[in-house]
Amino acid sequence: MNVLVINCGSSSLKYQLINSDTEAVLAKGLCERIGIDGRLVYQKTGLDKEITEAAMPTHKQAIQLVLDALVNPNTGAIANLSEIEAVGHRVVHGGEKFATSTVLTDEVIAAIEECNDLAPLHNPANLIGIRACQELMPNVPMVAVFDTAFHQTMPDVAYMYGLPYEYYEKYGVRRYGFHGTSHSFVSKRAAEIVGKNYEDLKIIVCHLGNGASICAVDHGKSVDTSMGLTPLEGLIMGTRSGDVDPSILDFIAQKENLTLPQVMNVLNKKSGVEGISGVSSDFRDIEAAAKEGNKRAALAQQTFAYRVIKYVGAYAAAMNGVDVICFTAGLGENDCKIREMVMNNLGYLGVEVNAEVNNATRGKEAVISTADSKVTCLAIPTNEELAICRETVALV
Ligand code: AMP
C-alpha cells in the first residue's frame, strides 16, 4: 500500500510517499512559504532534489502541487493518484480525547478542533492540511497520528501539576507530552535491538533535537515525559528555555517592561542554548565555538547535557530502574560528545560507555555501551514518517 504522510504547519508542509510493504520512501519533500510566495522541494528516491518557486497561496494549492509532482510523467513516483491508498496526518495535540491514532471522520475532526486551545500554533495548521487533502482526495482513507497519544498512559501522579485542581477540570491543564510518535518508534526498536519483549523492559528515550524531550517507557507504556501542557517544559532546547522558576516570568516582565506574551516569546524563541551561548541554536555552531574557546558556548553545551543527566536520573527513579537508554533525533543520533557527556555521568546506574563505537556513530543504529554495561545504551535514528505510515496502514 502507498501511504502519503503529511506534516502540515502554518506556512510549510512536509510530505513523504511510502510503500508500506517494503517501507521504502518513494518520494519526499516540502512546501515552504505557503501563503507568502511559495517553494516546492520534491525528490523522487534515486533522483536529484528539484526545487521550484511556485505560487501556493493556500495549503490546498500546495498539496495540489505535491500531487502533480508525484504523478509527473518524467520524475513522478507513481503513474496516477489512485496509487495513493491512504494518507497519514501528523496532528500535534489530541488532548485527553485521543490515546491512539484514529481514522479521520467529521466527528474526529471536530474533536481535534476542540483541542486547538491547547496547541494554537499547531492544531489549526494540521486541520488545514487535513481538510485540503480531503478536498483533493475525497475517497482516500485518512488517519490522524497524534504527538500526544503515546503519553496518554501516564499515571495521574505524573501528569498533575501542583495547581488548583479546577484548572485541570475546567481547562485540561496537565502534562500531555509530545514527540510521542518518536518515543514510541524508538523504544519499540530498542526492544528489537536488545532482543527482549517490549513489555518486559524499562526504557528511557532521549529525543535530543532542536526540540528535545525525554520519556520513561515502563513495560511498553509511557509513564512520564519532560514536555508538559506545551512543548516548552523540560530540557533546555535550541531556543526554548525548558524548566524555569515560574516567578521568572513576572520578574523579567517588570525588569524589561515586557508583556506576558512578549516574555513567552523570549522563552520560546530567544532562550535555550541560543540564549545561553549567544552563538546559535544549532549545536554544530555551538560546538565549533566552544572548541575555539567561547566560554558561553561551552556553558550552553554543559548546561544542556546536565539537564539531560538530571532527567535520566529522575526517570530511572520513577521506574525504579532502567534497562535501556536510547539517544535519538538530530543531536542524539549525531553528536557523540553530548552522548558521552551524558553517559559519563550515569556510572551509578551501571552504564559503561563504549567510547570507540560512540565516537564512530553518526546517523545509524549502534550499541554505544560495553557488553558488560548493566544498562544498554543505544543510538537509534528516529523515523516519525515511517511510524505514521505504519499506524495508518494498521487502521485502514
Ligand atoms: P532535529 O530537530 O532532530 O532535526 O535536530 C536538529 C539539531 O541536531 C540541530 O540543531 C543540530 O544542532 C543537531 N545536529 C544535527 N546534526 C548534527 C551533527 N552532525 N553534530 C552535532 N549536532 C547535530
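Preceding this section is the structure that the text describes.
These numbers were taken from a predicted model, which means no experiment stands behind them.

A few words now on the site of the ligand. The environment of the ligand is formed by Gly209, Asn210, Ser281, Asp282, Phe283, Arg284, Ala329, Gly330, Leu331, Asn334 and Asp335. For the ligand, a nitrogen atom lies 3.5 Å from a polar atom in the side chain of Arg284. The contact in question runs from an oxygen atom of the ligand to an N or O atom on the backbone of Leu331, over 3.4 Å. Relative to its unbound accessible area of 500 Å², the ligand is 70% covered by the protein chains. Among the secondary structure elements, those contributing two or more residues to the shell around the ligand are α10 (283-291) and α12 (329-334). Partitioning the shell around the ligand into residue classes produces three nonpolar, five polar and three charged.

A positive phi angle, near 50°, is found at His219, a position not held by glycine. With respect to the helices and strands, His219 occurs in the loop between β10 (212-218) and β11 (221-225). Judged by relative accessible area, which is 39%, His219 ranks as partly exposed.

Turning our attention to the nonpolar core. The biggest cluster of nonpolar side chains holds 47 residues, and the ones touching the most others in it are Ile204, Leu208 and Ile325. Secondary-structure elements contributing two or more residues to this core are β9 (202-208), β10, α10, α11 (295-318), β12 (324-328), α13 (336-343) and β14 (376-379). Here this core takes 11 residues from α11, the largest share from any one element. Ignoring sequence-local partners within four residues, the contact set of Ile325 consists of Ile204, Cys206, Val312, Leu346, Leu349, Val351, Val375, Thr376, Cys377 and Leu378. Formed by 38 residues, the second largest nonpolar core is a distinct cluster that contains Ile63, Val87, Phe98 and Met142.

Once that is clear, we can look at the state of the cysteines. Summed over the entire model, instances satisfying the criterion amount to zero disulfides. Of all cysteine sulfurs in the structure, the one in Cys8 sits closest to Cys133, which takes part in no disulfide; the separation is 7.8 Å. In this structure Cys133 comes out as buried when scored by relative accessible area, which is 0%. Looking at the unpaired Cys336, the closest cysteine sulfur is the one in Cys377, lying at 14 Å. Exposure remark for Cys336: the relative accessible area of 13% places this residue in the buried category.

As a further point, take the sheet that holds β14. What the six strands build is an open sheet, ordered β11-β10-β9-β12-β14-β13; its pairing is mixed. A strand with exactly one partner marks an edge of an open sheet, and here the two such strands are β11 and β13 (366-367). Alignment of β12 against β14, held across four bridges, turns out to be parallel. Along β14, the bridge assignment pairs Val324 with Thr376. Lying on the sheet, α11 is in contact with β9, β10, β11 and β12; it crosses β9 at an angle near 160°.

Attention now goes to the side chain of Ser226. By the element assignment, Ser226 lies in the loop between β11 and α7 (247-256). Not counting residues up to four positions away in its chain, the partners in contact with Ser226 are Arg175, Ser213, Ile214, Glu233, Gly234, Leu235, Tyr311 and Tyr315.

Each aromatic ring pair is specified by the distance between its two centres and by the angle formed by the two planes. In the structure shown here, the tally under the stated rule is six aromatic pairs. When the centroid spacing of 4.3 Å and the interplanar angle of 10° are considered together, the rings of Phe98 and Phe146 count as stacked. With a gap of 48 residues between them, Phe98 in the loop between β6 (86-91) and β7 (102-103) and Phe146 in strand β8 (residues 142-146) connect regions that are remote in the sequence. By the ring-pair criterion, three or more aromatic residues cluster together here, those being Tyr159, Tyr165 and Tyr168. One residue, Arg174, lies across the ring of Tyr159, its end atom 3.6 Å from the ring centre. Looking at Arg174, its charged tip hangs above the ring of Tyr176, at a distance of 4.8 Å from the centre.

Time to look at the sheet that holds strand β3 (residues 24-32). One open sheet holds the eight strands; their spatial order is β5-β4-β3-β2-β1-β6-β8-β7, and the pairing between them is mixed. The open sheet has two free edges, formed respectively by β5 (50-53) and β7, since each of these has just one partner strand. This element, helix α1 (residues 59-70), spans β1 (2-8), β2 (13-19), β3 and β4 (39-44) of the sheet and lies at about 30° to β4.

Following the criterion strictly, the structure yields 15 salt bridges and no others. Among the ionic pairs, Lys60 bridges to Glu135, the shortest N-O distance being 2.9 Å. Here Lys60 is found in helix α1, whereas its partner Glu135 is found in helix α3 (residues 123-136), with 75 residues between them in sequence. Its salt-bridge partner being Glu166, residue Lys170 comes within 3.7 Å of it at the nearest N-O pair. Taken together, the residues Lys170 and Glu166, both in helix α5 (residues 165-171) and four residues apart, mark about one turn of the helix. Each of the salt bridges in this network shares a partner with another, and the network as a whole consists of Glu32, Arg39 and Glu53.

Definitions and cut-offs
Residues numbered from 1 in each chain as written. Predicted model: local features only at pLDDT ≥ 70, side-chain atom pairs only at ≥ 80, totals over all residues. Heavy atoms only, no water. Near = heavy atom within 4 Å. Polar contact = N/O pair within 3.5 Å; in protein donor to acceptor, adjacent residues only side chain to side chain. Areas by Shrake-Rupley, 256 points an atom, 1.4 Å probe, with all protein chains shown as cover. Helix = DSSP H or I, 4+ residues; strand = E, 2+ residues; numbered from the N terminus. Nonpolar A, V, L, I, M, F, W, Y, C, P; charged D, E, K, R; others polar. Buried < 20%, exposed > 50% of the residue type's maximum accessible area, 1.4 Å probe, protein only. Core = buried A, V, L, I, M, F, W, Y, C linked by side-chain atoms within 4.5 Å. Contact = heavy atoms within 4.5 Å. Disulfide = S-S within 2.5 Å. Pairing = 2+ DSSP bridges. Axes fitted to C-alpha atoms, helices over the stretch in contact; angles between N-to-C directions. Phe/Tyr/Trp six-rings, centres within 6.5 Å; stacked < 30°, edge-to-face > 60°. Lys NZ or Arg CZ within 6 Å of the ring centre and 35° of its normal. Salt bridge = Lys/Arg side-chain N within 4 Å of Asp/Glu carboxyl O.

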